[in-house]
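Chain by chain, the residues run as shown.
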Amino acid sequence: MSTIFASPIVQIKPLGFPWETIDPFLFCAYHDDAYPQGNGQMAVDEALLAGRNLGSDFSRKDGWSMYHGNPVPGFPGHPHRGFETVTIVRKGLIDHSDSLGAAARFGGGDVQWLTAGKGIVHSEMFPLMDAAAPNPLELFQIWLNLPARNKMVAPHFTMFWAEDIPHFTATDEAGRTTDVSSVAGRIGPVDGKPGEGGPLAPPPDSWAAQPDADVAIWTLRMSPGARWTLPAATGKGTRRALYFFKGQSVRIAGEEVDRPAMVELRASEEVELVNGPDTVSEFLVLQGRPIAEPVAQYGPFVMNTQAEIQQAMQDFRRTQFGGWPWPDQAPVHGRDPARFARHPDGREERPA
């Protein structure tokens, strides 16, 4: 009697923009912009802006976009309600400002985790600090849903500095390495209490703060030819997506993938990854137990019903979610490249 083994791969889909996600995640945007040298004012030289739809430039002309910024690229003040943003900056810097009065300059592996809750307005600008050389920017912005009971919680601003985010390196029998970084979720030696060997503590009202939600956000970097096994999830009902976004090829559970892809995996099973022989490959893993509630979305508002969306729009028109304490809609925090965070209570924070 033969036994049929089901593949741990549920589906494979090509990566677009934004990346497709599965509950409890709503959205994942990957930005990889080859910005030119700055003009000395942390902005793009005016001569390079010709032919762009300024105010809404997603063209990737010359390898970069202005998005909604002008003359500094980025996203000037805009509202959110009902979910969280997790922003992982791999290269370059982001200048954050919000309606709580919080501000930050972060990058180089830093993560900002923002609970929008009942409403926040924030801007995310990309200052071009170097006036003599290119200013590459690479980041993920991940939208994590909030359950209905937490959609109207008070907003919360959190910084995870790169120096504090736990990571480890696994070495296979041939000496090839896989580097694993954990923004959220236990894996391998990333265990123990938050900040004491385990992952850092997510915001208190996050779905990721629920012990049985099994939320994980991991990045993987595999050297050429490396082998590593992604362990099975511990939670019941967990769903998992593996995003292969850099590299030539990888074998996932024995199946060859030779282009950028979202691979949904059966989270209950471990999966062997074998990188191709010639290049480094990189991955993002998003997993969690689904919230499994209705989703009503209108742009930056994510609620459970259309009536709640209408209420969000009315509330924003009436209150501006607390107003905007900054002199313009796209603040940039000066020419000092040092990273920092200023919390709503005025407390200053800098990486170690």
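Residues numbered from 1 in each chain as written. Predicted model: local features only at pLDDT ≥ 70, side-chain atom pairs only at ≥ 80, totals over all residues. Heavy atoms only, no water.

1. What to know about the sheet that holds strand 4 (residues 83-91)
A sheet is described by the order of its strands in space; here five strands give the open sequence 2-9-4-7-10, paired in antiparallel fashion. The outermost strands of the open sheet, each flanked by one partner alone, are strand 2 (25-35) and strand 10 (156-160). Strand-to-strand, the axes of this sheet are offset by a mean angle of 15°, without reference to chain direction. The sheet contact formed by strand 4 and strand 7 (residues 111-115) spans five bridges and is antiparallel. By the bridge assignment for strand 7, Val86 is matched with Trp113. (Pairing = 2+ DSSP bridges. Helix = DSSP H or I, 4+ residues; strand = E, 2+ residues; numbered from the N terminus. Axes fitted to C-alpha atoms, helices over the stretch in contact; angles between N-to-C directions.)

2. Observations concerning the packing of aromatic side chains
The full count for this structure, using the stated rule, is 20 aromatic pairs. Judged by centre distance (5.2 Å) and plane angle (90°), the ring pair of Phe140 and Phe245 falls under edge-to-face. Linking Phe140 in strand 9 (residues 135-145) with Phe245 in strand 15 (residues 239-246), this pair joins segments that are 105 residues apart in sequence. Overall, the relative accessible area of 0% leaves Phe140 in the buried class. Given a relative accessible area of 9%, Phe245 falls into the buried group. Between Phe316 and Phe321, the ring centres sit 5.2 Å apart and the planes meet at 55°, which makes this aromatic pair tilted. Per residue, the accessibility class of Phe316 equals that of Phe321, and both read buried. Its guanidinium or amino end placed over the ring of Trp64, Arg52 lies 3.5 Å from that ring's centre, counting from NZ or CZ. (Phe/Tyr/Trp six-rings, centres within 6.5 Å; stacked < 30°, edge-to-face > 60°. Buried < 20%, exposed > 50% of the residue type's maximum accessible area, 1.4 Å probe, protein only. Lys NZ or Arg CZ within 6 Å of the ring centre and 35° of its normal.)

3. Concerning the pattern of salt bridges
For the structure on display, the rule yields 20 salt bridges. The partner of Arg347 in a salt bridge is Asp345, with the nearest N and O atoms 4.0 Å apart. Assessed through its relative accessible area of 59%, Asp345 is described here as exposed. One network of salt bridges, with partners in common, ties together Arg90, Glu138, Lys246 and Glu282. (Salt bridge = Lys/Arg side-chain N within 4 Å of Asp/Glu carboxyl O.)

4. Considerations on the nonpolar core
Counting 29 residues, the largest nonpolar core has Phe140, Ile142, Ile217 and Leu284 as the members making the most contacts within it. Residue assignment for this core shows that the elements contributing at least two residues are strand 2, strand 4, strand 7, strand 9, strand 12 (177-184), strand 15 and strand 20 (281-288). Apart from the residues within four sequence positions on either side, Phe140 is in contact with Trp19, Cys28, Ala29, Tyr30, Val86, Thr87, Ile88, Arg90, Thr219, Phe245 and Leu284. Ranked by size, the runner-up nonpolar core spans 25 residues in total, among them Leu230, Phe244, Leu265 and Val271. (Core = buried A, V, L, I, M, F, W, Y, C linked by side-chain atoms within 4.5 Å. Contact = heavy atoms within 4.5 Å.)

Remember that the coordinates give geometry; whether it matters functionally is a separate question.
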